[in-house]
Amino acid sequence: MALYVQKFGGTSVGSVERIKAVADKVKRFRDEGHQVVVVVSAMSGETNRLIELAGQINDEPTPREMDMLVSTGEQVTISLLAMALQKLGVPATSYTGAQVGIQTDSAHTKARIQRIETDELREDLDEGKVVVVAGFQGVDEEGNITTLGRGGSDTTGVALAAALKADECQIYTDVDGVYTTDPRVCSKAQRLETITVEEMLELASLGSKVLQIRAVEFAGKYNVPLRVLSSFEDGPGTLIVAESDEEEDSMEEPLISGIAFTANEAKLTLLNTPDVPGVASRILGPIADANIEVDMIVQNVAPAGDYTDFTFTVAKGDYKQTMKILKDQVIPDLGGGELRGDDNIAKVSLVGVGMRSHAGVASKMFRVLAEENINIRMVSTSEIKISVVIDEKQMELAVRALHKAFGLDKDSVESE
């Protein structure tokens, strides 16, 4: 007998028929003798509907009231799924995040889990019940409902699996695993049987939407076996594992595990900024104060140590606000400088632990892009990642060319 925490996303519970299908799937696990905790999201489209309703009432609703509102979406789903399970003869109890004891901080709309009370959960499981928990939400020390941010149900699932020391956390979604890249962009993308937590963290942070990055962080921190599966078809999915400690395995690691990409990027450049100590802080400080995250940063070498150019990227949604901060605060503080911006860019990234033991990945990447006449605007690297900024209109071409060049196409794998 094993203990599974199973998380089903919005599309998996998007209708009464799909909720019934989830109940059937859960029942099969319980019939095999396993204990099951189910975490669900709101039905697909429901959270957006609630946000739109709020907008019709108040252009600037308080974060606390937004949490009160959007958390109701999951409450509908848990009750319906519990009813569906009971209809099948499976004893089931539904709980909101607050009821199950998911304690968070007080950062409304983006709260972080601090601890989870599991005594009541374990009692229900020991009594043979399936426990159905609302994802995405918790409660702070003052009893206020909080939410964990978009995609927070993944985090709820992994956090519960960690607290309960579950044998596996299974994330059911509308894809049957983690792919080498998005199959909608590259038809020859292949499903990975396994991927390391480290690689999945990079892919999630670089634009892959399969898993929320905080969920992967939880899995890595608490050593939770994490598997991505399809809600709509049977299959092994993709198992996310800790990296092997065996040195000999490194020679067998695939060079590249996946290619992530995102068009949610904007680039800003301050020309002719003083090349003096502290100037980077004076540029980025006001941006950080506005809670805007900066991604890639490039500072050119200044001739004769006089002036330099400072370039960085932010999320496209923060582009206009960042431009305003630079114009109104930073440039006057620096005593001048010319500002340029571009929100028609994309970031394409190669990810793979195999980079640690192979040289020449960057040069090959640059050569492939050059052969496709794709100009590189910025470059960023880490131990297992290389990212480039290019024109947005060339993003899909770059992904397909790199996918083929690094042997990730299905045809390449099948011929080996």
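Residues numbered from 1 in each chain as written. Predicted model: local features only at pLDDT ≥ 70, side-chain atom pairs only at ≥ 80, totals over all residues. Heavy atoms only, no water.

1. A few points about helix 1 (residues 16-31)
Note on helix geometry: an α-helix contains 3.6 residues per turn, so any two residues three or four positions apart are oriented the same way. Our working definition: The helix count covers DSSP runs of H or I at least four residues long, the strand count covers runs of E at least two residues long, and both are numbered beginning at the N terminus. Take the number of residues in a helix, subtract one, and multiply by 1.5 Å to get its expected span. Burial status follows relative accessibility: with a 1.4 Å probe on protein chains alone, a residue under 20% of its type maximum counts as buried, one over 50% as exposed, and anything between as partly exposed. Think of it as the arc spanned by the lines of direction from the helix axis to the C-beta atoms. What makes two residues a contact is simply this: any of their non-hydrogen atoms within 4.5 Å.
Helix length check: helix 1 (16 residues) gives 22 Å between terminal C-alpha atoms against 22 Å at 1.5 Å per residue, within 8%. For helix 1, every residue scored as buried is listed here: Ile19, Val22, Ala23, Lys25, Val26 and Phe29. Down the axis of helix 1, the buried set is contained in an arc of 165°. They therefore lie on one face. Elements in contact with the buried residues of helix 1: strand 1 (3-8), strand 2 (35-40), helix 4 (72-87), strand 6 (130-134), strand 9 (168-173) and strand 11 (226-230). Immediately downstream of helix 1, the backbone of Gly33 shows phi near 100°, a positive value.

2. Some details on unusual backbone geometry
Notably, Asn272 is not glycine yet its phi reads approximately 60°, a positive angle. Counting through the fold element by element, Asn272 comes out in strand 13 (residues 258-274). The residue Asn291 is not glycine, and still its phi comes out positive at about 60°. Its place among the elements puts Asn291 in the loop between helix 10 (279-289) and strand 14 (294-299).

3. Quick look at the UniProt feature "binding site: ATP" (unreviewed entry) in the chain
Short version of the rule: UniProt positions are given in the numbering used here, feature names are shortened, and annotations may be inferred rather than shown by experiment.
Mapped onto this structure's residue numbering, the UniProt feature "binding site: ATP" (unreviewed entry) falls at Lys7, Phe8, Gly9, Gly10, Thr173, Asp174, Tyr179, Arg184, Lys209 and Val210. For the annotated residues, spread through 204 residues, the largest C-alpha to C-alpha distance comes to 23.8 Å, inconsistent with a single compact locus. Counting through the fold element by element, Gly10 comes out in the loop between strand 1 and helix 1. In contact with Gly10, not counting residues within four places along its chain, are Ser41, Ala42, Met43 and Ser44. Note that Arg184 resides in the loop between strand 9 and strand 10 (194-196).

4. Brief notes about the pattern of salt bridges
Applied cut-off: Every case where a carboxyl oxygen of Asp or Glu lies within 4 Å of a side-chain nitrogen of Lys or Arg is listed as a salt bridge.
A full pass over the atoms with the stated rule returns 22 salt bridges. A salt bridge links Glu198 to Arg356; the shortest N-O distance between them is 2.5 Å. Taken together, the residues span a long stretch of sequence, with Glu198 in helix 8 (residues 197-205) and Arg356 in the loop between strand 16 (338-351) and helix 12 (361-371) at a distance of 158 residues. Take Glu198: its relative accessible area is 28%, and that puts it in the partly exposed class. In this structure Arg356 comes out as partly exposed when scored by relative accessible area, which is 35%. Among the ionic pairs, Arg400 bridges to Glu396, the shortest N-O distance being 3.6 Å. A residue pair is termed a helical-turn pair when its members lie 3 or 4 positions apart in one helix, as Arg400 and Glu396 do in helix 13 (residues 395-405) at 4 residues. On the accessibility criterion, Arg400 (38% relative accessible area) is partly exposed. Each of Asp124, Glu127 and Lys129 takes part in one network of salt bridges that share partners.

5. A short note on the sheet that holds strand 16
Backbone-to-backbone hydrogen bonds join strands into a sheet, with any given pair of strands oriented parallel or antiparallel. Inclusion rule: Here, a strand pair is defined by DSSP locating no fewer than two bridges between the strands. A fitted line through C-alpha atoms represents every axis, and for helices the fit uses only the stretch in contact; the resulting angles, taken between N-to-C directions, go from 0 to 180 degrees.
Spatially, 6 strands are ordered 14-15-13-16-18-17 in an open sheet, and the strand pairing comes out antiparallel. Sheet topology places strand 14 and strand 17 (378-382) at the edges, where each strand pairs with a single neighbour. For this sheet the average axis-to-axis angle between neighbouring strands, irrespective of direction, equals 30°. Pairing of strand 13 with strand 15 (residues 307-314), which is carried by 7 bridges, proceeds in the antiparallel orientation. Paired with Ala266 across the strands is Val314, a residue of strand 15. Lying over the sheet, helix 10 contacts strand 13, strand 14 and strand 15, oriented at roughly 30° with respect to strand 15. With respect to the sheet, helix 13 is in contact with strand 13, strand 16 and strand 18 (385-391), its orientation differing from that of strand 13 by roughly 120°.

6. Structural notes on the domain arrangement of the chain
As a reminder, the rule being used: Residue ranges assigned to each domain were obtained from an automatic or database domain assignment.
Split into domains, the chain comes out as domain 1 (3-173) and domain 2 (258-406). Between domain 1 and domain 2, the C-alpha centre-to-centre distance is 37 Å.

7. As for the pairing of strand 2
Threshold: By convention, a crossover is right-handed whenever its connection, traced from the first strand over the helix to the second and viewed with the strands pointing away, goes clockwise.
Of all 6 residues in strand 2, 6 are buried; the element is thus mostly enclosed. With burial as the criterion, each face of strand 2 is covered, one bearing Gln35, Val37 and Val39 and the other bearing Val36, Val38 and Val40. Following the backbone out of strand 1, through helix 1 and into the adjacent parallel strand 2, one traces a crossover that is right-handed. One ladder, built from 4 bridges, connects strand 2 with strand 6; its direction is parallel. Bridge assignment links Val37 to a residue of strand 6, and that residue is Val131.

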